[in-house]
Amino acid sequence: MSNEIRIISREDLPKWLDQMLGTFTVVAPTRQDDYTNFGVITSGNQADFDAVNTRMSPKQIFFPKTERLFGFATDRQQVKLDDTPQQITPQVLFGVRPCDARSIAMLDKVFDTDVYRDQQYVSRRKATTIVSLACKQLAPSCFCTRLGSNPADMAGSDLLIIELPEDRFAIGTLTPKGADLLTAADLPAQATAQDAQAFDKAVRIAQDTTVKPIDSDKLAAKLARIFDSAFWDRWHDRCLGCGTCTYLCPTCHCFDIADEAKNNTGQRVRNWDSCMFDLFTLHASGHNPRPSQRQHLRQRVMHKFSYTVDRYGQAFCVGCGRCVNRCPVNIDIREILDELEDYQGG
Ligand code: SF4
Ligand code: SF4
């Protein structure tokens, strides 16, 4: 539970963002035609506080779609590297929904471990304070509760904002980084005991769900058991292999590395990749260990609900619903989960 709680009115939220802009780059949901996406704002009024979910997830803020790792130049004698680290400035990621904040905590388990520490990712994470906004309504495609989460989940956030009645918001401090941001803010009021109770009550209401979460250990074990079963025979039938589901997913993190060179100079870049693409596992020999869409789709489900449970102790799906909303042929991960739970075949 949070240590300190402050209150802010809806009217003052943009002003608070304006204060931050003096010190930080601020990234927030902004309206673009009929959808919202995260973008750098130059005024607090540009932020959309009511968007249920952005089209793209915030993962690209830490793990960009394409990124230069280093430059190189060659001559006959040697290769010269230019691996000057990129300038990373302090930033605030504002208005993240709790499912997305939780996904960032999951990505930390991949990119920031004792065995592998991705310097660019870690530098961005260190420089970023995450301010989440609890959901007051769920979109029809949301299913965070099934993944053991809730609309006021605190995982991954430094501050959590919960809307209270009468256009007021309670800001709860979750980490020292969040406390620093709040201390620096010129906010009008300390919360009263009544406000603090309202914050705690809102969190309890969000946590009090009647949805039975999936048992991820049991599901992971079942998936391992049915790897070669007929369960996988039909889901892929209409899959186009477009990769939309993985690109929009906040937890998918596969990438490819390529050298782009002209004459004697070039750069090594890292680009998002997708297990749903034909080329993903194609070997230089021409052999492809996962040659069909059946295997691609199975890999996506196995990775999210079996391999990550074995490796990181949790399923790598936060129930954001992006893949449900945007799959061009309406393949719905929730239906796959339903059938998986009922599936009795071996
Ligand atoms: S698998 Fe779908 S619902 Fe789950 S986190 Fe990824 S995009 Fe969201
Ligand atoms: S978005 Fe749908 S069609 Fe595209 S790769 Fe994913 S499951 Fe297949």
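The structure under discussion appears in the preceding block.
Just so it is clear, the model here is predicted, and its values are computed rather than measured.

What counts, and where the lines are drawn
- Residues numbered from 1 in each chain as written.
- Chains lettered and ligands numbered in written order.
- Predicted model: local features only at pLDDT ≥ 70, side-chain atom pairs only at ≥ 80, totals over all residues.
- Helix = DSSP H or I, 4+ residues; strand = E, 2+ residues; numbered from the N terminus.
- Rg over C-alpha atoms; globule rule 2.2 N^0.38 Å.
- Buried ≥ 20, exposed ≤ 12 C-beta atoms within 10 Å, placed from the backbone.
- Contact = placed C-beta atoms within 7 Å.
- Near = placed C-beta within 6 Å.
- Nonpolar A, V, L, I, M, F, W, Y, C, P; charged D, E, K, R; others polar.
- Pairing = 2+ DSSP bridges.
- Core = buried A, V, L, I, M, F, W, Y, C linked by C-beta atoms within 7 Å.
- Domains from an automatic or database assignment.
- Axes fitted to C-alpha atoms, helices over the stretch in contact; angles between N-to-C directions.
- Parallel < 35°, antiparallel > 145°, perpendicular 65-115°, else oblique.

Observations concerning the overall build of the protein chain
Per the secondary structure count, the protein chain includes 11 helices and 12 strands. Relative to a compact globule of 346 residues, whose C-alpha radius of gyration would be 20 Å, the protein chain shows 22 Å and is just as compact. Expressed as lengths along the three principal axes of its C-alpha atoms, the size of the protein chain is roughly 65 × 65 × 40 Å. The buried share of the protein chain, taken over its 346 residues, is 35%. Summarising the internal contacts of the protein chain: among those between residues at least 6 apart in sequence, 72% fall at separations of at least 24.

Brief notes about the site of ligand 2
Surveying the vicinity of ligand 2 reveals the residues Cys239, Leu240, Gly241, Cys242, Gly243, Thr244, Cys245, Met276, Cys327, Pro328, Val329 and Ile331. Within the shell around ligand 2, the residues separate by chemical class into 9 nonpolar, 3 polar and no charged.

Comments concerning the site of ligand 1
As a structural note, the neighbourhood of ligand 1 is formed by 13 residues, with Cys249, Cys317, Cys320, Arg322 and Cys323 the closest of them. Of the residues assigned to the shell around ligand 1, the class counts are 8 nonpolar, 3 polar and 2 charged.

Observations concerning the pairing of strand 4 (residues 66-74)
Pairing of strand 4 with strand 12 (residues 265-272) involves 7 bridges; the strand directions are antiparallel. Of the residues in strand 12, the one forming a bridge with glutamate 67 is arginine 270. As judged from the 4 bridges shared by strand 4 and strand 5 (residues 79-82), these two strands associate in the antiparallel manner. Bridge assignment links alanine 73 to a residue of strand 5, and that residue is lysine 80.

Observations regarding the nonpolar core
One finds Leu17, Val26, Phe94, Ala134, Ile161 and Ile162 to be the most contacted residues of the largest nonpolar core, which totals 71 residues. Considering every element that reaches this core, the biggest residue donor is helix 3 (residues 98-111), with 5 residues. Mapping this core onto the domain boundaries places at least three of its residues in each of domain 1 (5-207) and domain 2 (216-342). If we skip the residues at most four places from it in the chain, isoleucine 161 touches Val131, Ser132, Leu133, Ala134, Phe169 and Ile171.

A short note on the sheet that holds strand 4
In space, the 4 strands of this open sheet follow the order 5-4-12-11, with antiparallel pairing throughout. This sheet does not close on itself; its edge strands, each paired only once, are strand 5 and strand 11 (255-262). For this sheet the average axis-to-axis angle between neighbouring strands, irrespective of direction, equals 25°.

Some words on the packing of helix 7 (residues 216-225) against helix 9 (residues 293-312)
Relative placement of two packed helices is described by the angle separating their axes and the distance separating the axes. Where helix 7 contacts helix 9, the axes come no closer than 9 Å and their chain directions differ by 110°. The angle between the axes of helix 7 and helix 9 places the two elements in the roughly perpendicular class. Between helix 7, through Ser216, Asp217, Leu219, Ala220, Leu223 and Ala224, and helix 9, the contact on the second element is made entirely by Met302, Phe305, Ser306, Val309 and Asp310. Here the contact of helix 7 with helix 9 is composed, by residue class, of 7 nonpolar, 2 polar and 2 charged.

Details of the environment of lysine 126
Among the secondary structure elements, lysine 126 is positioned in helix 4 (residues 119-126). With 51 residues separating them along the chain, lysine 126 and lysine 177 place their C-alpha atoms 9.5 Å apart.

Description of unusual backbone geometry
Its identity is not glycine, yet asparagine 263 carries a phi of approximately 50°, on the positive side. Along the chain, asparagine 263 falls in the loop between strand 11 and strand 12. By the C-beta count within 10 Å, which is 7 here, asparagine 263 ends up exposed.

Some details on the pairing of strand 11
Remark: a regular strand shows side chains that alternate across the two faces of the sheet. Taken across its 8 residues, strand 11 has 0 buried, putting it largely on the surface. One ladder, built from 8 bridges, connects strand 11 with strand 12; its direction is antiparallel. Bridge assignment links glutamate 260 to a residue of strand 12, and that residue is glutamine 267.

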